[in-house]
Amino acid sequence: SDMKESKDDEETYVPEKITQYRTRNGNTEYRIRWKNHEPHEDSWAERNEVQSKYPEILEKYEKENESKGTKRKKSHDKEESLPAPPSKKRGLPKNITKEKITKIDGVKYKNETYKWVLELNDGTHADVPGEQLIKLHPSL
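Values in this document were obtained by computation on a predicted structure and should not be read as measured data.

Undergrad: What is the right way to read the sheet that holds strand S3 (residues 43-46) from this model?
TA: Within a sheet, neighbouring strands are paired by backbone hydrogen bonds and run either parallel or antiparallel to one another. Spatial ordering of the open sheet is given by S1-S2-S3, a layout of three strands whose pairing is antiparallel. Looking at which strands have only one partner, the edges of the open sheet turn out to be strand S1 (15-24) and S3. Averaged over all pairs of adjacent strands, the angle between strand axes in this sheet comes to 30 degrees, irrespective of strand direction. The sheet strands contacting helix H3 (residues 55-67) are S1 and strand S2 (27-34), and the helix crosses S1 at an angle near 70 degrees.

Following this line, the structure appears as structure tokens:
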């Protein structure tokens, strides 16, 4: 591999930043943008090569991406706002509206989630998870 690099020595390639990464055959590769060069001259390099030659830009890239929340730390915040899979909603009457709720009858704790037992104005009761109730009736 030394042969092909020798011609590049005439031009100085100074890494400016990593612009993206990809995974090929299980290896992470980074796309390096060179200072004073055009985007089409970007080079892909394997992670361990980047780490040994240009640790600064790798570290900077990973820090920036961490703060954007691509790392595990933040990802679970997003997941909680996703709608629950249909199986969880099975027991929920879809048609509860806050106008139908006469009162909150109590709370059940089941499968590690709290459910509000609501008395509806037609005399029936419904169990509604807390977050669902907040959506229906934020003022409760």
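Undergrad: Explanation requested: the pairing of S2 in the structure shown.
TA: In the case of a regular strand, side chains alternate between the two sheet surfaces. Relative to S2, S1 is paired through eight bridges, and the arrangement is antiparallel. Across the sheet, residue threonine 23 finds its bridge partner in S2, namely threonine 28. What sits between S1 and S2 in their antiparallel hairpin is a turn of two residues, with asparagine 25 showing a positive phi close to 50 degrees.

Undergrad: Would you explain a nonpolar patch on the surface in this entry?
TA: Taken together, the side chains of Ile104, Val107, Tyr109, Tyr114 and Trp116 make up a nonpolar region of the molecular surface, amounting to roughly 500 Å² of accessible area. At the level of elements, strand S4 (101-110) and strand S5 (113-120) are the ones that each hand at least two residues to the nonpolar patch. The dominant element in the nonpolar patch, judged by the number of residues it contributes, is S4, at three residues. Along the polypeptide, tyrosine 114 turns up in strand S5.

Undergrad: Honestly, the nonpolar core in this entry has me stumped. Any pointers?
TA: Considering soluble globular proteins, one finds that nonpolar side chains tend to be buried as a cluster. Core analysis: the biggest nonpolar cluster contains ten residues, these being Ile18, Tyr30, Ile32, Trp34, Ala45, Val50, Tyr54, Ile57, Leu58 and Tyr61. Of all the secondary-structure elements, those providing two or more residues to this core are S2 and H3. Dropping the residues within four chain positions of it, valine 50 is found in contact with Ile18, Tyr30, Ile32, Ala45, Pro55 and Leu58. With seven residues, the next largest nonpolar core counts Ile101, Leu118, Val128 and Leu133 among its residues.

Undergrad: Looking at this structure, how should I read the sheet that holds S4?
TA: One open sheet accounts for three strands, arranged S4-S5-S6; its pairing is antiparallel. Across the chains shown, the open sheet's two edge strands, defined by having one partner strand only, are S4 and strand S6 (125-129). Across the sheet, the mean angle from the axis of one strand to that of its neighbour is 30 degrees, orientation sign disregarded. In this structure, S5 lies alongside S6, joined through five bridges in antiparallel fashion. Looking at the pairing, tryptophan 116 lines up with valine 128 of S6.

Undergrad: Would you take a moment to explain the side chain of glutamate 29 for this structure?
TA: Along the chain, the position of glutamate 29 falls in strand S2. Here glutamate 29 falls in the buried class, since its relative accessible area comes to 12%. What glutamate 29 contacts, discounting residues up to four positions off in sequence, is Gln20, Tyr21, Arg22, Arg24, Trp44, Ala45, Glu46 and Arg47.

Reading guide: rules and limits
Residues numbered from 1 in each chain as written. Predicted model: local features only at pLDDT ≥ 70, side-chain atom pairs only at ≥ 80, totals over all residues. Heavy atoms only, no water. Pairing = 2+ DSSP bridges. Helix = DSSP H or I, 4+ residues; strand = E, 2+ residues; numbered from the N terminus. Axes fitted to C-alpha atoms, helices over the stretch in contact; angles between N-to-C directions. Contact = heavy atoms within 4.5 Å. Patch = residues over 30% accessible without salt bridge, like charges linked within 9 Å, V, L, I, M, F, W, Y side chains within 5 Å. Areas by Shrake-Rupley, 256 points an atom, 1.4 Å probe, with all protein chains shown as cover. Salt bridge = Lys/Arg side-chain N within 4 Å of Asp/Glu carboxyl O. Core = buried A, V, L, I, M, F, W, Y, C linked by side-chain atoms within 4.5 Å. Buried < 20%, exposed > 50% of the residue type's maximum accessible area, 1.4 Å probe, protein only.

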